[in-house]
Amino acid sequence: MSSFSLFPESASTISGQVDALFFFMVGTSLFFGLLVAILVIYMAIRYRRRAGDTGAGAEIHGNLQLEIAWSIVPFVIAMVMFYWGASVYMTMARPPDDAHEIFVVGKQWMWKLQHLEGRREINELHVPVNQPIKLTMTSEDVIHSFYVPAFRIKADAVPGRYSTAWFEATKVGTYHLFCAEYCGTEHSQMIGRIVVMEPNEFQDWLSGETTVADAGSAMVDATRSPAEIGAELFVARGCTTCHQGAAGVMGPSLAGLYGRERNFADGRSAVADEAYLRQSILEPQSQILDGYQPIMPTFKGQIDEEGLLALIQYIKTLEPNEG
Ligand code: CUA
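Reference entry: report on the structure contained in this document.

Reading the values: the criteria
Residues numbered from 1 in each chain as written. Predicted model: local features only at pLDDT ≥ 70, side-chain atom pairs only at ≥ 80, totals over all residues. Heavy atoms only, no water. Helix = DSSP H or I, 4+ residues; strand = E, 2+ residues; numbered from the N terminus. Expected span 1.5 Å × (residues − 1). Buried < 20%, exposed > 50% of the residue type's maximum accessible area, 1.4 Å probe, protein only. Contact = heavy atoms within 4.5 Å. Phe/Tyr/Trp six-rings, centres within 6.5 Å; stacked < 30°, edge-to-face > 60°. Lys NZ or Arg CZ within 6 Å of the ring centre and 35° of its normal. Pairing = 2+ DSSP bridges. Axes fitted to C-alpha atoms, helices over the stretch in contact; angles between N-to-C directions. Parallel < 35°, antiparallel > 145°, perpendicular 65-115°, else oblique. Left-handed = near helix turned anticlockwise from the far one by under 90°. Nonpolar A, V, L, I, M, F, W, Y, C, P; charged D, E, K, R; others polar. Salt bridge = Lys/Arg side-chain N within 4 Å of Asp/Glu carboxyl O.

**Regarding helix α1 (residues 15-46)**
Taking 1.5 Å as the rise per residue, α1 with 32 residues should run 46 Å; its terminal C-alpha atoms sit 45 Å apart, in good agreement. Every buried residue of α1 is accounted for by S15, D19, L21 and T28. Tucked into the core, α1 has its buried residues touching α2 (64-93).

**Overview of the packing of aromatic side chains**
Scanning the entire structure with this criterion turns up 12 aromatic pairs. Ring geometry for F7 and F22: centres 6.1 Å apart, planes at 70 degrees, overall edge-to-face. Taken together, the residues span a long stretch of sequence, with F7 in the segment before α1 and F22 in helix α1 at a distance of 15 residues. Plain terms: the ring middles of F202 and W205 are 5.9 Å apart, the flat faces sit at 20 degrees to each other, and that makes the pair stacked. Taken together, the residues F202 and W205, both in helix α3 (residues 199-206) and three residues apart, mark about one turn of the helix. As far as burial versus exposure is concerned, F202 and W205 are alike and both buried. Above the face of the Y147 ring, K154 is positioned so that its terminal group lies 5.2 Å from the ring centre. Over the aromatic face of Y162 sits the side chain of R278, whose NZ or CZ is 5.5 Å from the ring centroid.

**Overview of the sheet that holds strand β3 (residues 120-122)**
To summarise the sheet geometry, strands pair through backbone hydrogen bonds and adopt either a parallel or an antiparallel arrangement. Strands sit in the order β3-β2-β1-β5-β8 across an open sheet of five strands; the sheet is mixed. Two strands in the sheet have a free side with no partner beyond their single neighbour: β3 and β8 (163-167). Strand-to-strand, the axes of this sheet are offset by a mean angle of 25 degrees, without reference to chain direction. Note that strand β5 (residues 133-139) and β8 share five bridges and pair antiparallel. Bridged to I133 within β8 is F167. With respect to the sheet, helix α7 (residues 305-317) is in contact with β1 (100-107), β2 (110-115), β3 and β5, its orientation differing from that of β1 by roughly 160 degrees.

**Overview of unusual backbone geometry**
The omega angle of the peptide bond from Q108 to W109 is -5 degrees, so this bond is cis rather than trans. Locating W109 in the fold gives a position in the loop between β1 and β2. Of note in this structure, N123 is not a glycine but carries a positive phi near 55 degrees. Inspection of the secondary structure assignment puts N123 in the loop between β3 and β4 (124-128). By relative accessible area, N123 is classed as partly exposed at 21%. We note that N130 has phi near 55 degrees; this positive angle belongs to a residue other than glycine. With respect to the helices and strands, the residue N130 is situated in the loop between β4 and β5.

**Some details on the environment of H144**
Looking at the secondary structure, you find H144 in strand β6 (residues 144-148). In sequence terms H144 and C183 are 39 residues apart; their C-alpha atoms lie 6.2 Å from each other.

**Brief notes about the packing of α1 against α2**
Running from amino to carboxyl end, α1 crosses α2 at an angle of 160 degrees, the nearest separation of the two axes being 10 Å. Judged by the angle between their axes, α1 and α2 are roughly antiparallel. Between α1 and α2 lies a crossing of left-handed hand. Of the residues in α2, those in contact with Q17, V18, A20, L21, F24, M25, T28 and F32 of α1 are I77, V80, M81, W84, G85, V88, T91 and M92. Here the contact of α1 with α2 is built from residues that sort into 12 nonpolar, four polar and no charged.

**Section: the environment of E117**
Considering the arrangement of structural elements, one finds E117 in the loop between β2 and β3. Remark: the alpha-carbon pair of E117 and E228, spanning 111 residues in sequence, is separated by 9.7 Å. For E117, the contacting residues outside a window of four places in its chain are H100, L206 and S225.

**Details of the sheet that holds strand β9 (residues 173-179)**
Pairing is mixed in the open sheet, where five strands are placed in the order β4-β10-β9-β6-β7. Both edges of this open sheet fall to β4 and β7 (153-157), since each of them pairs with a single strand only. For this sheet, the mean inter-axis angle between neighbouring strands, taken without regard to orientation, is 25 degrees. With five bridges connecting them, β4 and strand β10 (residues 192-197) associate as parallel partners. By the bridge assignment, E124 is partnered in β10 with R193.

**A look at the pattern of salt bridges**
Any two side chains of opposite charge can pair, on the condition that their charged atoms come close. Using the criterion set out here, one finds 10 salt bridges in the structure. A salt bridge links R120 to E306; the nearest nitrogen and oxygen atoms lie 3.3 Å apart. With a gap of 186 residues between them, R120 in strand β3 and E306 in helix α7 connect regions that are remote in the sequence. Accessibility classification places R120 together with E306 in one group, the buried group. Salt-bridge contacts for R268 lead to D266; the nearest nitrogen and oxygen are separated by 2.9 Å. Overlapping salt bridges, with partners in common, bring together E101, E274 and K316 in one network.

From the geometry alone we can't say anything about function, so treat these as descriptive.
See below:
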């Protein structure tokens, strides 16, 4: 029990805000819970039946002021909790623009983490202190949940889509990483650690050569960045046939595509984000760009989640003037 503590360490920029809200809600509930309990006990004793009582008290037909008061006071308290909770939620839901991005792929039963600079890790994530980190997450199989109690973050990794979470660690140290969604036999062993380092140490680590062997992945190579692996896949899968250089008859140019508005043949439109690119690779027929024919084949089942993230990262690096 020596390592047991009632509350996890507070080690991110958000953890203080989450705790303050939590303690306010617990404190408010305790206060009113105790108030009601004490009044019930006090009244039961004070107004108990005594010898000689006839058994009938004065009839009460309501008290408008009292009723308004006990409606408005809880309403105001609930609104404070709502507004406070919503503002903390909005902070947690929007990663800062300068966040360092990391790809996370959950898989029964491990966490695969990929730095854009090339290093990949399993069940361990190295990050610099005082630097916002954005996690782009998905899963190869079932729903997992990325949970770091010390940072007060928990977000599901869902197969077939990308979810995001972010944190900024404020203390150098090692913190628990858990899977918080029951995902099968070894769910309880789907654990890991987050290693928060000084920025210069992190840079040394990032440029280090040691690699994590991952027999389950098609691309075991920790020396190349996702963009480099994506560039290779782009050629290997024949994407270059239609999407090389300037816009052709067969397919649109991908240069400068990321973040732009896309207008489809059926009148709909969407912003070219990670989810759009992923769907365009796996289900190209579902969103045909205006002016093009639905001739692109699907790559469903041919590229794993890490490959998809690598391809997307490569497409994100294509500058608008490259065509
Ligand atoms: Cu993965 Cu529980």
